[in-house]
Amino acid sequence: MSKRRRTNKDDYENDSASDSESVTPQNGHSNTLSDNNQKSFYYIKPKVSQKKSSQVDLSSKFTTLLSCLMGSNTNYQDSNSSKRPKRADSNMFINLFNGKESNEQVNRRFELYQHYWNSQHKKVDDILNNTNKQLFLQLQNFINRDHQSSRFNKLPLGFLQLSSNTANNLRILQEFNKFLTLENQKSDTEFDYKIINMSSKHCYHIKATLRELVKQMLNAIENGNSNTNMPQRVGDDNDDDEEEEVIDDDNDEVEDDNQYQSINTKGKLQYDLDMIEEWYNDKYNQKKSLRFIIVLQDTNSISNHVINQLIKILYGYRSTLPLKLILGLSANNISNWINNNFNNEIRILTNGFKFKCNDNRTLGYLILESLFLTDMDDENSDQPLNLLLNFKTSTILLSRFENSNNSIDSLIAEIKLCYMIHFYNSPLSALIKYDNVSAEYTNGLKKLPSFKKYIERKIYEHKVDDIEELLQDDNDDRIKQLLIEKRKDFINYINTVIGYIKILDKLQTLVNFEPRKEHLELYKLIISNSAIPSSSATTSVFISELVGQFVDSDNFESNFAALRSFLISYDSETPVILKLRSLISGSSAKDSGFKKLLTNFFQPISTMESLQDFLFNEIFTMNGGIVSQSSQPINEESYENLMINLIRPNLRSSIELGLDNCSTYLKNPFFYKQLNEKLSNLNPIITQLFRVYKEAPTTINVFDFYMAFKQSLNKNEIKVLIESFIKDESSDKYIQTLDIENNEDDWNKLTFAWFVQNCQELVMMGLLKEKPKGDHLEKVIWKGI
Amino acid sequence: MARDSVIDQLKEEVKYRSNEIDLLSAFISEDALISTPSLIVHGYKAVGKTYTVQKYLQTLDVSTSVIRCDECITNRVLLQRCFNRIKADRQDGYKKEDGIHDKLKFGKSIESFYNFANALENYFESTSYTKNHILVLDRFDQCMESTNELFAGFLKLREICQVKNLTIIFIVSTDIPKEVITAVTPTIYFKSYTEEQVTDILQINQLCLFGIEELDNTQAGYEFWKQYSKIVVDLFFSYTGSDLSLLIDICVKLWTKFIEPVVSGKYQVHEFVKVYRENADIFTNENVINNSSIREYATLEEEKPVSNENVEDLPTHSKFILIASYLASFVDQKDDLHKFSKVKAVKYKKRVFSNKVTKNDIDTRLLNPGFFDLERMFAILSVIYRNTAPSLNQHTEINLANDVAQIEEKKDTERAKFTLSRNTDLYSQVATLFSLGLISKSAASDILGARVRWKCNINWLTVETLAKEVDFSIVDYLGDGL
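Source: prediction; values computed, not measured.

> In this structure, what is going on with the overall build of chain A? I would like to understand it.
In terms of regular secondary structure, chain A is built from 33 helices and twelve strands. Evaluated residue by residue, chain A yields a buried proportion of 34% over its 785 residues. Restricting the contact set of chain A to residue pairs at least 6 apart, pairs at least 24 apart contribute 71%.

Written as structure tokens, this is what we have:
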């Protein structure tokens, strides 16, 4: 343990000239990270000596890559290429093929990545921008209306009904902010919108709520609608907010008088809306009509007492200030929520309207469909083929979206990372567009699993000549030709798959098939056919059920007509569609053999080549990075790839596994045994402590814990280790004086020091907790969960 | 004499409050010397206290400041507003100075009652303000901070400082606090209205109009309103009592729907009974009383009631987490081994012959949800997810090309090891459910601590629909499964 630490430290010290240089605040790296300036953590950047030029190159590339990834993930919307800071070395990819890849080829990959991602990103943006337009227009209409003139003068309230995913809710509210900011900038608008975003972290009591409200109002008045009050993404929070909590009652007055020029804040309390009222009455020029839009982003998390008080106060200003309050609510029934949270007085004082936002679930499917499941044109130079998802990646994407995280943002981040990994780690990825196939590429192509399978099949077919021709070292042209052929085949293949998907989906809608399969699920079924044993049966069962339901349904004739008109109107030259079109136009609804006809039509699906076996599919599809060589698990939820491991780390299982068996990280038998054969059985102390911990009851007496830990240590081996240190003159003086064999006190001291240190580490990891009295420790996790 | 006629006219205008008006005129007058320093107006809510006082004060030629105390979050705001209003409402022809200068001079920062009294004294003295000024502290007991101390302070204002011409009227609806109960302060009590009085008051003014010229401002229209308000009072008096604001709200809310047959021309305006019969059901709607109905902005359609909570669009794992949390809350921890593991813990139930009903005899669903440890919930989650999740329980189709037994075996080991808690998504889902209020934790405890106790926050109906959605038979785990 101690040895390992020392070596690590040495690494850094050797490389760095001084400590101050080796630890650089994160913001030093690039502008994209400036949001994180306030953060309390640092990246340690080892200083690399100038001689190792290749390493400099590599590490700087890594940091640019990292910053690009992080910066664009947190705020992907601003990450289009034009806004990205220009770098001298715009390419953040490294040379593959063991460094033999030329810079030109690397650049090509990078360009392809940018090209692909930007076009997909644009599609996503288009979809996202258009989904909520209707809602925003309704909200704008609500805001513009002059509710003050109504007779009983209630406070108008907008209830924005949001989904249960908080990340998506935040994104909708953020888009709404953007929308209003854009509206503000229009020259012909007669309204002046001031948006105030409040969230539960501001609203722990009414005073803090109003203080924040007034602060944001003052800022909005002072700066117009600057970006200062845009909702902040999780993770972008500045630390100012926490400081505010400390403000005590003695400090309630607005302090800096010079901060706000247009408003007289002298002697006013921070939470007094009167000063806004005063400003509005005296100083606001009436050219545009002003609207203060107060958006409570996560009303569910705010104490209902505070909301009631806030509404009460705003009610008092309803006729003197143009206020609109919008409550963002995750509830499927607003009335129920009001019943549970508003008191009767507030209910009478307000006049609520409900606004419903779109379901994000369908949105996610829509995005996936439009990104990956659209018809591909024939190959031409400026439109390279679409990159598709392979079976595993699509399973992972779909299962995370459906099972655990239905946030649109994280879905987009996952897709982006897939693209990035694809172009970053595979030199062959460039071949999707370029035909300039050099010897390195052909060598690489020959090593692809799909190529090996292809050869195996040839062997099975006894086509020895073909094999010989392909495998000859100097015959690159043959491979190149094969690649071009396969590229064309791939387009046909995918168009066929998509054709089937469209038809199956149409049938599903016509007969209201339950449970309905989304496009990507159908895609998975069709492409995985012969490769996954369970799936071919599932597919055939599904198709025969669907066809049965379609033919036997009561309104078969109308469905038939609908299918026919769908096929005719469907603008595609895909052979599958054409085939069904001709089949259908040749038969009528009364035809008794139609069921057989349809079943036959779907027959090719079951014999279709699976995508996994498709030659060179590694180039045309994204696998999201490989993490382990072990065989694929049967259970689809246990699928893993690099992409998902980066976005959703297996935190708990890694910690538990690592502590249980340190060889994954430390004692790799490959070199450890060579290093010191005698010590091979000695584990790091923390692993030893964790073993004792695992067997302990929920509450552990500290002394018992220590005694058990001491007993569990192998004194003899430790003795050998210490002796080896004693021989080494450069080691610590304390170790040199240790005599654990004869001096029990030394042994106790040593083990106790280890015990205390490692207990602390377990506490830091969140596995252990000290009880208030201090004589007992408490286990925080249960084992095996 | 002129004064008497004014008062009589006021009594006409403000119905059923002649005694109170007499009392007010006895205590409050234009002359500061014969006015009482402070007066408490006391009575149940919405019985016309503020209305009567304001109407009365309008008949006097005196400067009046009204503070709505229920909109003040702290006493400081209350005091500042009092001071500022008094300055602003002063009507003795005193030329107001420049705003900022004024503020600098008096009460730059009023922090306590003492500051306030001091500033007020300074202001009254230096500007030689001697005319009577009346300060009305409306809903004084409903300020967001407790005002009991302040109450005593205001009552003693004349003892503390030299201001002699300020009369304070407190309007309160709850009991007079103990700090001031012994002080000899004149109190006017406003009695609640009787049903007849309420009907009469409502009938005087036609609050809602038809929006048709031929009907509005006609005798027939007014008669229709009178009958309508009588009906409303008859039906809802037992609920509203004398609370006029509630009654007015109900009248207004139901009016548009009620007059629909008249507006559409189906019935004449004098056919009130027919109109009522046609509309009888709108009076029995629950929403009339709970006021929580809400309309969609685009369509103006009322929202339809839904029995379960916001759980439909949750991801599958979250649904299982909710079910697990429900089980953790409603299953006794000592039964865990028996219910969630393969261990057969055979338990012999003691037959209880006594008539005493213990907690164990009650269906747990009827009890309060119990608190649980997060890890226990995760353990339950692991078990129920393994056993029922569709992705883990697909049947292997008979496929002769593969070794079915081997696959099944592999699948079983995989299933036995499968856990949701291995990655970070689980924790973020728990956090989301917490922020949605579907699960809650014991108050004021560190979220990372081991002793944080969690609790399920959804009802049986919701969890039942959830269980149906994910095809999980929750009853098996809840009931007494022996």
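> Hey, could you run me through the overall build of chain B in this one?
The secondary structure content of chain B amounts to 22 helices and nine strands. Taking all 482 residues of chain B together, 33% fall into the buried category. Contacts in chain B between residues far apart in sequence, at least 24 positions, make up 76% of those at least 6 positions apart.

> Help me understand the nonpolar core, please; the structure alone is not making it clear to me.
Soluble globular proteins tend to bury their nonpolar side chains together. L137(B) and I169(B) are the most contacted members of the largest nonpolar core, which totals 130 residues. Looking at this core, the element that brings in the most residues is helix α7 (residues 206–223) of chain A, giving eight residues. Ignoring anything within four residues of it in the chain, the contact list for L137(B) reads I67(B), C69(B), I168(B), I169(B), F170(B) and I171(B). One finds Y419(A), M420(A), I479(A) and V511(A) within the second-largest nonpolar core, a separate group that totals 75 residues.

> Any chance you could explain the sheet that holds strand β10 (residues 699–701) of chain A here in plain terms?
Sheet strands pair via backbone hydrogen bonds, and the direction of the pair is either parallel or antiparallel. All names here are of chain A. Strand order in the open sheet formed by three strands is β10-β12-β11, with antiparallel pairing between adjacent strands. Edge positions in the open sheet fall to β10 and β11 (768–770), since each of these has one partner strand only. Within this sheet the neighbouring strands show an average axis-to-axis angle of 30°, counted without direction. Taken together, the three bridges between β11 and strand β12 (residues 776–779) define a ladder with antiparallel strand orientation. By the bridge assignment for β12, E770 is matched with L777.

> What am I meant to see in the environment of I67(B) here?
Residues and elements named next belong to chain B. Locating I67 in the fold gives a position in strand β2 (residues 63–68). Spatially, the C-alpha atom of I67 lies 6.7 Å from that of C82, the residues being 15 residues apart in sequence. Not counting chain neighbours up to four residues away, the residues in contact with I67 comprise L78, R81, C82, R85, V136, L137 and D138.

> How do you make sense of the pairing of strand β1 (residues 38–43) of chain B when you look at a structure like this?
The two faces of a sheet get side chains in turn, since along a regular strand they alternate between them. Residues and elements named next belong to chain B. Two strands pair when backbone bridges link them, and β1 and strand β4 (residues 166–172) are joined in this way by five bridges, in the parallel orientation. Bridging across to β4, V41 finds its partner in I171. Here β1 pairs with strand β5 (residues 187–190) via four bridges, running parallel. Each bridged residue has a counterpart across the sheet, and for G43 the counterpart in β5 is F190.

> What's the story with the sheet that holds strand β4 (residues 191–198) of chain A in this structure? I'm lost.
Reading across the sheet, the six strands line up as β4(A)-β5(A)-β6(A)-β3(A)-β7(A)-β6(B) and stay open at both edges, with parallel pairing between neighbours. Of all the strands in the sheet, just β4 of chain A together with β6 (295–296) of chain B have a single pairing partner and so form its edges. When strand β5 (residues 289–296) of chain A meets strand β6 (residues 323–329) of chain A, the two strands line up parallel, connected through five bridges. Opposite I294(A), over in β6(A), you have L325(A) as the bridge partner. Sheet strands in contact with α7(A) are β4 and β5 of chain A, and its direction is about 145° off that of β4(A).

> Looking at this structure, how should I read the interface of chain A and chain B?
Size of an interface, as often reported, equals the accessible area lost when the parts are brought together. At the junction of the two partners, chain A supplies 69 residues and chain B supplies 67 residues. Considering each element in turn, the side of chain A that touches chain B owes the most residues, five residues, to strand β7 (residues 350–356) of chain A. Among the residues making up the side of chain A that touches chain B, the classes are represented as 24 nonpolar, 27 polar and 18 charged. Note: β7(A) against β6(B), two bridges, orientation parallel. Looking at β6(B), one finds that F353(A) is bridged to R295(B).

> Looking at this structure, how should I read helix α23 (residues 575–586) of chain A?
Three- or four-residue spacings in an α-helix give side chains the same orientation, since the helix completes a turn every 3.6 residues. Residues and elements named next belong to chain A. Taking 1.5 Å per residue, twelve residues should reach 16 Å; α23 reaches 16 Å between its end C-alpha atoms and fits that length. Regarding α23, the residues found buried are V576, I577, L580 and I584. The buried residues of α23 occupy one face: seen down the axis, they fall within an arc of 95°. Residues of α23 that are exposed and point more than 90 degrees away from the buried face comprise P575, S582, S585 and G586. Buried residues along α23 sit in contact with α19 (476–511), α22 (556–569) and α24 (594–607).

> Before we go on, may I ask you to explain the environment of D146(A) in this structure?
Inspection of the secondary structure puts D146(A) in the loop between α5 (133–144) and β3 (155–161). Separated by 321 residues in the primary sequence, D146(A) and I467(A) place their C-alpha atoms 80 Å from one another.

> Where do I start with the confidence of the model for chain A in this structure?
The predicted coordinates should not be examined in detail at positions where pLDDT is low. Residues and elements named next belong to chain A. Residues at a pLDDT of 70 or more form 77% of chain A, whose mean pLDDT is 77. The low-confidence segment residues 50–56 (pLDDT under 50) makes two contacts with residues lying over four places distant or belonging to another chain. Segment residues 225–250: pLDDT under 50, and 32 contacts once partners within four positions in sequence are set aside and those in other chains are kept.

> Would you explain unusual backbone geometry in this entry?
Working note: non-glycine residues mostly have negative phi, and peptide bonds are mostly trans. Residues and elements named next belong to chain B. Phi angles above zero are rare outside glycine, and R139 is one such case at about 50°. Among the secondary structure elements, R139 is positioned in the loop between β3 (133–138) and α7 (148–155). The backbone of D471 sits at a positive phi, close to 60°, despite the residue not being glycine. In this structure, D471 sits in the loop between α21 (460–469) and α22 (475–478). Since 10 C-beta atoms lie within 10 Å of it, D471 is described here as exposed.

What counts and how
- Residues numbered from 1 in each chain as written.
- Chains lettered and ligands numbered in written order.
- Predicted model: local features only at pLDDT ≥ 70, side-chain atom pairs only at ≥ 80, totals over all residues.
- Helix = DSSP H or I, 4+ residues; strand = E, 2+ residues; numbered from the N terminus.
- Buried ≥ 20, exposed ≤ 12 C-beta atoms within 10 Å, placed from the backbone.
- Contact = placed C-beta atoms within 7 Å.
- Core = buried A, V, L, I, M, F, W, Y, C linked by C-beta atoms within 7 Å.
- Pairing = 2+ DSSP bridges.
- Axes fitted to C-alpha atoms, helices over the stretch in contact; angles between N-to-C directions.
- Nonpolar A, V, L, I, M, F, W, Y, C, P; charged D, E, K, R; others polar.
- Expected span 1.5 Å × (residues − 1).
- Arc of directions from axis to C-beta.
- pLDDT = per-residue confidence, 0-100.

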